[in-house]
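In case you want the letters, here they are:
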Amino acid sequence: MKSSEVLGLLKRRFPNEPEYHQAVEEVVESIEDVYNEHPEFEKANLIERLVIPDKIHTFRVTWVDDKGNVQTNMGYRVQHNNAIGPYKGGIRFHASVSPSILKFLAFEQTFKNALTTLPMGGAKGGSDFSPRGKSDGEVMRFCQAFVEGLWKVIGPNTDVPAGDIGVGGREVGYMFGKYKKLAEEFTGTFTGKGREFGGSLIRPEATGYGNVYFLLEMLKTKNIDIKGKKCLVSGAGNVAQYTCEKLLELGAIPVTLSDSDGYIYDSDGITKEKLEFVMELKNLYRGRIREYAEEYGCKYVPGARPWCEKGDIALPSATQNEIDQADAETLVRNGVLAVSEGANMPSTPEAIAVFQRSKILYAPGKAANAGGVSVSGLEMTQNSERYSWSAEEVDEKLKWIMGNIHENCVKYGTESDGYINYVKGANIAGFMKVAKAMMSQGIL
Ligand code: NDP
Ligand code: 2IT
């Protein structure tokens, strides 16, 4: 296998899908040597079967807005790979959602899920519906219409969706309710559900907490104490909020947050009380991060990202390609010690090259943000058992899983000079597990 040939073929087959190509290129480049040590993989054309999704479901979603206008959106579910377990992955509602975005996310999810140690395949779905400015009734009607298009291809043993950008507890609740009615069953077909109907404790916190647990493991390899470290966090949603919560608990100082309109810089640090304000602002009133600066009198920069600010640690937690080469160079110049990705693919390939050349600690999303889907996997287990574990039990398991992912990155990613290449480590560890499962199951 030659990575350039695999990419060439993919680009011819799926033109104009840059995010999908970007995600595949990173993985294929880092597994090339290991793949070529196994001639049986090449004989089974494993690589093409691994980079192309198993199935892509596409449907129109029709709903009625508050003014009585009939609206349409596109709905998708990309079922990428189910070699090690049922398809599993989030649903994204955002104006930018396209087949390319969902293919990249489903591809990444396959390797991420393999790293979690739990039996889950990879998938992603969503719609170009934007929840921004929509009423609660509009969101509910949209979610119900979306599930009408989706419900036949999901199920507790086939494909289990969850949240992602624009999809949190409220949306999962509406989707689960509609699914339950159409399928005439009460099963754990969605994760991230409300506590009262089968949701796991710690699922809302899991991605942010898990990312900080992974960061702690990375810092340990260099004997760096997280206490007192200034942290640049982007986003202001689920992942960003619980990243801040855990950072604060450990004595670190988050100083930035952002949304698609701009970022805030709070030189005094975002305290527990200020974080509570953000949670209410974003989860209840669905306001803008600008309002934080208005409330606390700190700096707000419209139309920009927080990477030009000085910080010891960066935790990008908003969206893909939010750190470009220039941002990465600025971060390194300002002395950043570690970058741990809460978002999926937030750094461009050029930015990753800058981090790795500088030999700073750099963890890709598929390792560092795997805590969210891990606790989703634990929610599936609890639903199957019709039982629920305490927050402490789930949190312990989450810590163990993040530690295990870190160990695997070290095992497969340590280079001859001792530098841990977490990208290589995560990609090889995830790939080997999925590859072995596919080989055992024959040509499909
Ligand atoms: P939320 O919808 O809760 O929050 C997303 C945040 O990012 C918002 O502040 C949003 O701002 C901002 N954002 C979204 N799109 C853009 C954009 N194009 N440009 C700038 N800012 C943007 O989503 P999550 O916190 O759940 O997800 C954040 C990231 O983490 C995503 O990459 C997601 O894939 C990843 N992730 C999420 C997991 C989960 O369990 N939820 C698990 C693993 C990864 P605005 O309000 O203005 O849109
Ligand atoms: O990107 C991700 O891992 C998620 N959005 C969570 C997926 C899940 O099934 O919990």
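Because the structure is a prediction, the values reported are computed rather than measured.

K.L.:
What am I meant to see in the overall build of the chain here?
P.N.:
Helix and strand counts for the chain come out as 17 helices and 12 strands. Expected size for 444 residues packed as a compact globule is a radius of gyration near 22 Å; at 21 Å, the chain falls within 12% of this value. Overall size of the chain, expressed as C-alpha extent along the three principal axes, is 60 × 60 × 45 Å. Looking at the chain residue by residue over its 444 residues, the buried ones come to 57%. Sequence separation of at least 24 residues holds for 72% of the intrachain contacts in the chain that already meet a minimum separation of 6. Working note: accessible area of the chain is about 17900 Å², and carbon and sulfur atoms make up 50% of it. With 52 positive and 58 negative side-chain charges, the chain shows a separation of 3 Å between the mean positions of the two kinds.

K.L.:
Teacher, can you tell me more about the packing of aromatic side chains here?
P.N.:
Two measures describe an aromatic ring pair: the distance that separates the ring centres and the angle between the ring planes. All chains considered together, the criterion is met by 23 aromatic pairs. Centroid distance Trp 63 to Phe 129: 5.3 Å. Interplanar angle 85°. Geometry classified as edge-to-face. In this pair, Trp 63 is assigned in strand E1 (residues 55-64) and Phe 129 in the loop between strand E4 (122-127) and helix H6 (136-150), connecting sequence segments 66 residues apart. Across the pair, Phe 129 and Trp 63 agree in class, each one buried. Where Phe 176 meets Phe 197, the ring centres are 5.5 Å apart and the plane angle is 25°; that geometry is what we call stacked. With Phe 176 in helix H7 (residues 169-183) and Phe 197 in the loop between H7 and helix H8 (203-220), the pair connects residues that are 21 residues apart, well separated along the chain.

Thresholds, definitions, all that
- Residues numbered from 1 in each chain as written.
- Chains lettered and ligands numbered in written order.
- Predicted model: local features only at pLDDT ≥ 70, side-chain atom pairs only at ≥ 80, totals over all residues.
- Heavy atoms only, no water.
- Helix = DSSP H or I, 4+ residues; strand = E, 2+ residues; numbered from the N terminus.
- Rg over C-alpha atoms; globule rule 2.2 N^0.38 Å.
- Buried < 20%, exposed > 50% of the residue type's maximum accessible area, 1.4 Å probe, protein only.
- Contact = heavy atoms within 4.5 Å.
- Areas by Shrake-Rupley, 256 points an atom, 1.4 Å probe, with all protein chains shown as cover.
- Lys, Arg positive; Asp, Glu negative; His and termini not counted.
- Charge placed at Lys NZ, Arg CZ, Asp CG, Glu CD.
- Phe/Tyr/Trp six-rings, centres within 6.5 Å; stacked < 30°, edge-to-face > 60°.

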